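Structure assessment
Chain by chain, the residues:
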Amino acid sequence: MKYMLMMNTMKAGTGGLAWPQKDLRAHVAFMMGLNKELRESGELVFAEGLSFPDQAKLVRAGKNGLPITDGVFPESKEFLAGYWIVDVVTPERAYALAARISAAPGPGGIPLDMPIEVRPVMSSPPPEML
Amino acid sequence: MTSGQPSTEHLLRELTPLVLGAVVRRFRDFAAAEDAVQEALLAAAKQWPEEGLPDNPRAWLTQVAFRRMTDQIRSESARRRREGEIALEASRAPEATTTIDAAAEEDDTLVLLFMCCHPALTLSSAIALTLRAVGGLTTAEIAKAFLVPESTMAQRISRAKQSIKDSGIPFELPTTEERAQRLHAVLHVLYLIFNEGYTSSAGAQLQRVELSREAIRLTRSLRNRLSNDAETAGLLALMLLTDARRVARTTGEGELIPLMHQDRALWDKSQIAEGVALISAALPKGSVGPYQLQAAIAAVHDEAEQAEDTDWPQILALYDLLKRMSDNPIVALNHAIAAAMVHGPAKGLALVDALKADARMANHHRLDAVRAHLLEMAGDCDGAVKHYRAAAGKTGSLPERNYLLMQAARLSNRLNLVDEQE
């Protein structure tokens, strides 16, 4: 079963931009270690980190079909910082991975307690239809 | 191996378990032997199309694999002197062409299947390893079929081999006491491979159809070796009878078409004939099991010229038997549909209601999907729309969600038309 784990970060603390080096290093090491572990367990399908929200654009088609770009809504408190697609045996395993990501170390090594959205990927085979 | 000629590819896949068996018997190291055979296969896929087939392709592969093993053992023993003894033994390895024991080679395919489908492995590992070690597919091909990166699939395979090593599974046929249970595991893995391929959605169709073809090939090869086992014949029949309908099962755009609306002219007559012959020969043997019953049900469907000709009382009788044999709520759901076709939707709905108490089904989308179908049969369009939509919200399959939403839309459209007329 494939799941997407979406890591949402509070906009207020935008990333580790202002974290002490030690904490930043611990955070990066945690993420790289997790990805390595997932590769080795044969569960990693895909993982990417995303740029900070100031790089994001909202795009819509104008009347002529050309893109009209806009900044992201300033009122959104959280933004998607990165995501994983994992192929796991049970939903419980996906939740357990999400919980570990949620507790990634932040400033002072304190777990960040980030909300991780877990969504099943629509990859199941359809049944026989009578 | 996609670059090779189809015939080369086919030959390599057929030869894989025979060559691997010879290498494992010679060197007693399954994990390393399996890698050596993969390398030999890759070398053959590259060389044969360019240089032509060798006189004895099997001996060619075996020799290349033997050489890889010997090289590897030599280099390892250079590192770890205490393994000098093994290297010495390996250097005395006989030329592969000399002795090929026909009985041992028949057994090798079986032994490998039992090994790769060992219950100590997770199902996803067993599936991957079976396709590589017995099916002769490359890691890249398997990864593509399951839509995961090659590195992920490579890890899955290497972990599977590690589990085999750790649990000390011997390279031999299971004992008589274990045999039934172990064969059950093999059939289950083959069935899952088939299903993964058969039930593909349009996007990945090409790669995944290959999986059902592989599953049929491997099951056929198992059946040739266990010609007296009725369940193995039953599984092969089930695959053939199901796969016969593959082309008719979706529109060109990948939209699902239910059995009753399929264009039966598109069904593969020769596969149906083979499946029917297999199941007809297996059933009278007296050891009826779930695969034979499912094959028998598929045969009844396949033999109906038109949907209306379907012998539902016979299907219901078969589901009665199947339901008694396996505690599977999905079987119970299909049984409810058959009961509705014979005794009317009220009977089917009552059976579906009884399933709500089953914890495995309580939140299962198929419960809603079947209820919707039966409510529609009973003329309750409102209820059917509601349950089609509920099912669509819970399924994990995109084509099925589209199908269920389409059913809901079709019925609510009809409801609106009725409203307008009134």
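These remarks concern the structure in this document. (Residues numbered from 1 in each chain as written. Chains lettered and ligands numbered in written order. Predicted model: local features only at pLDDT ≥ 70, side-chain atom pairs only at ≥ 80, totals over all residues.)

Helix and strand content of chain A: 2 helices and 6 strands. Secondary structure elements in chain A, listed N-terminal to C-terminal, are β-α-β-β-β-β-α-β. Computed over C-alpha atoms, the radius of gyration of chain A comes to 18 Å, more than 25% over the 14 Å expected from 2.2 N^0.38 for 130 residues, which places it beyond the range of a compact globule. Oriented by its inertia axes, the alpha-carbon framework of chain A measures out at about 55 × 50 × 20 Å. A burial count over chain A gives 15% of its 130 residues as buried. In chain A, once contacts between residues fewer than 6 apart in sequence are set aside, the share between residues at least 24 apart is 73%. (Helix = DSSP H or I, 4+ residues; strand = E, 2+ residues; numbered from the N terminus. Rg over C-alpha atoms; globule rule 2.2 N^0.38 Å. Buried ≥ 20, exposed ≤ 12 C-beta atoms within 10 Å, placed from the backbone. Contact = placed C-beta atoms within 7 Å.)

For the rest of this paragraph, the subject is unusual backbone geometry. A positive phi angle is found at Asp113 of chain A, which is not glycine, with a value near 55°. Structurally, the position occupied by Asp113 of chain A is in the loop between helix H2 (91-102) and strand S6 (116-120). Since 11 C-beta atoms lie within 10 Å of it, Asp113 of chain A is described here as exposed. Of note, the phi angle at Arg28 of chain B is positive, near 60°, even though the residue is not glycine. In this fold, Arg28 of chain B is placed in the loop between helix H1 (6-27) and helix H2 (30-51).

For any two helices packed against each other, the geometry comes down to the angle between their axes and how far apart the axes lie. Residues and elements named next belong to chain B. Where helix H17 (residues 365-377) contacts helix H18 (residues 381-394), the two axes come as close as 8 Å, and the packing angle between them is 160°. Relative to H18, the element H17 is oriented roughly antiparallel. Handedness of the H17/H18 crossing: left-handed. Residues His365, Asp368, Ala369, Arg371, Ala372, Leu375 and Glu376 of H17 form the contact with H18, whose participating residues are Cys381, Gly383, Ala384, His387, Tyr388, Ala390, Ala391 and Lys394. (Axes fitted to C-alpha atoms, helices over the stretch in contact; angles between N-to-C directions. Parallel < 35°, antiparallel > 145°, perpendicular 65-115°, else oblique. Left-handed = near helix turned anticlockwise from the far one by under 90°.)

Attention now goes to the interface of chain A and chain B. Taken together, the contacts link 16 residues of chain A with 26 residues of chain B. Of all the secondary-structure elements, those providing two or more residues to the side of chain A that touches chain B are helix H1 (21-40) and strand S2 (44-49) of chain A. Within the side of chain A that touches chain B, the residues separate by chemical class into 10 nonpolar, 3 polar and 3 charged. (Nonpolar A, V, L, I, M, F, W, Y, C, P; charged D, E, K, R; others polar.)

Here the focus is the packing of helix H15 (residues 329-343) of chain B against helix H16 (residues 345-355) of chain B. Residues and elements named next belong to chain B. For the pair H15 and H16, the least separation of the axes is 6 Å and the interaxial angle reads 160°. Comparing their axes, H16 and H15 come out roughly antiparallel. The two elements H15 and H16 meet at a crossing, and its hand is right-handed. Contacts from Pro329, Ala332, Leu333, His335, Ala336, Ile337, Ala339, Ala340 and His343 of H15 reach H16 at Pro345, Lys347, Gly348, Leu351, Val352 and Leu355.

This part is about H18 of chain B. Across its 14 residues, H18 of chain B extends 20 Å between first and last C-alpha, which sits within 8% of the 20 Å expected from 1.5 Å per residue. Within H18 of chain B the residues assigned to the buried category are Ala384, Val385, His387, Tyr388, Ala391 and Ala392 of chain B. (Expected span 1.5 Å × (residues − 1).)

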